[in-house]
Amino acid sequence: MAEFNNNNRGGAPGSGGSDRGGNNRGGGGNDRGGRGGNDRGGRGGNNDSVQGDSDFKEKVVAINRVAKVVKGGRRFSFSAIVVVGDGKGNVGYGLGKANEVTDAIAKGIDDARKNVVKVPLYKHTVPHVMEGRFGGGHVLVQPAAAGTGVIAGGAMRAVFESAGIKDVLAKSKGSSNPHNVVKATFAALAKMRDPLQIAQARGISLSRVFNG
């Protein structure tokens, strides 16, 4: 009986020492190493992907305050329509809603970067005349000679400047709602055709595309 008790007591310290000293601490070292390697590496990769959008510039077209009547008073929230572009033909628009103006603008910027489209440019202007419609919005966009500048209203001007269009003549013929005007402008730009692609498809020179 005495020998049986001694073996149990001796085995318990030995097993406890091996678990605490060898396996558990070693496993802790592996866990720390894995966290340091995987998490830090992943964060670095995400930062590199976000830096690709750093050349986009934001323009706030309009900010609208919305009041909701609740028990005890009114609750205010804000909506912002934002246009982003790199000045090289890439442009997008987005809408953000939040209880604070800064949060609404930030959400609008994120939404605009998800809806970026490529607009064909020709000598810093649009290649041809085009009309765009959205809801009650109706706009007319036509090319202009060099040095004319951007002749357009506030909502359309933000879109053209963000896209890199320096000479253009534009007119809003419908609703003055900035949401409809911006979307109608994008509808007109989306229907624009690149003259270089047309010339290659027809097998003719670029001058014949414009002069016939």
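The sections below set out a description of the structure shown in this document.

Grouped together as the largest cluster of nonpolar side chains are 25 residues, with contacts concentrated most on Val141 and Phe160. Those elements that provide at least two residues to this core are strand S2 (73–85), strand S6 (137–143), helix H3 (154–163), strand S8 (168–172) and helix H4 (178–190). The leading source of residues in this core is H4, at 6 residues. Sequence-distant contacts of Phe160, defined by excluding residues within four places in its chain, comprise Val141, Val150, Ala152, Ile165, Val168, Ala170, Thr185 and Leu189. Residues Phe56, Val84, Ile109 and Ala112 belong to the second largest nonpolar core, which totals 5 residues.

A full pass over the atoms with the stated rule returns 3 salt bridges. Between Arg113 and Glu58 there is a salt bridge, with its nearest N and O atoms 3.0 Å apart. Note that Arg113 is positioned in helix H2 (residues 101–114) and Glu58 in strand S1 (residues 57–70), a separation of 55 residues in sequence. Each of the salt bridges in this network shares a partner with another, and the network as a whole consists of Lys59, Arg157 and Glu161.

Walk down a regular strand and you will see the side chains alternate between the two sheet faces. Alignment of strand S5 (residues 130–134) against S6, held across 5 bridges, turns out to be antiparallel. Each bridged residue has a counterpart across the sheet, and for Arg133 the counterpart in S6 is His138. Here S5 folds back onto S6 in antiparallel fashion, the turn holding 2 residues, of which Gly135 has a positive phi close to 60°.

This part is about the sheet that holds strand S4 (residues 117–118). The antiparallel open sheet is built from 4 strands, whose spatial order is S1-S2-S3-S4. The strands lining the two open edges of the sheet, one partner per strand, are S1 and S4. Sheet topology places strand S3 (residues 90–98) next to S4; 2 bridges connect them, and they run antiparallel. Paired with Val91 across the two strands is Val117, which belongs to S4.

The rules behind each value
Position labels on residues start from 1 in each chain and follow its written sequence. For a predicted model such as this one, the threshold for reporting local features is a pLDDT of at least 70, and the threshold for listing and counting side-chain atom pairs is 80 or more; totals across whole chains, interfaces and linings nevertheless cover every residue. Computation of side-chain values: all heavy atoms of the structure, hydrogens and water removed. Buried Ala, Val, Leu, Ile, Met, Phe, Trp, Tyr and Cys residues form a nonpolar core when they are joined through side-chain atoms within 4.5 Å. Only protein chains enter the calculation, and the probe is 1.4 Å; a residue is then buried if its accessible area is under 20% of its type maximum, exposed if over 50%, and partly exposed in between. Segments assigned H or I by DSSP are reported as helices when at least four residues long, segments assigned E as strands when at least two residues long, and all are numbered from the N terminus. A contact between two residues is defined here by any heavy atoms of the two lying within 4.5 Å. One speaks of a salt bridge when a side-chain nitrogen belonging to Lys or Arg is within 4 Å of a carboxyl oxygen belonging to Asp or Glu. Criterion used throughout: strands pair if DSSP finds at least two bridges between them.

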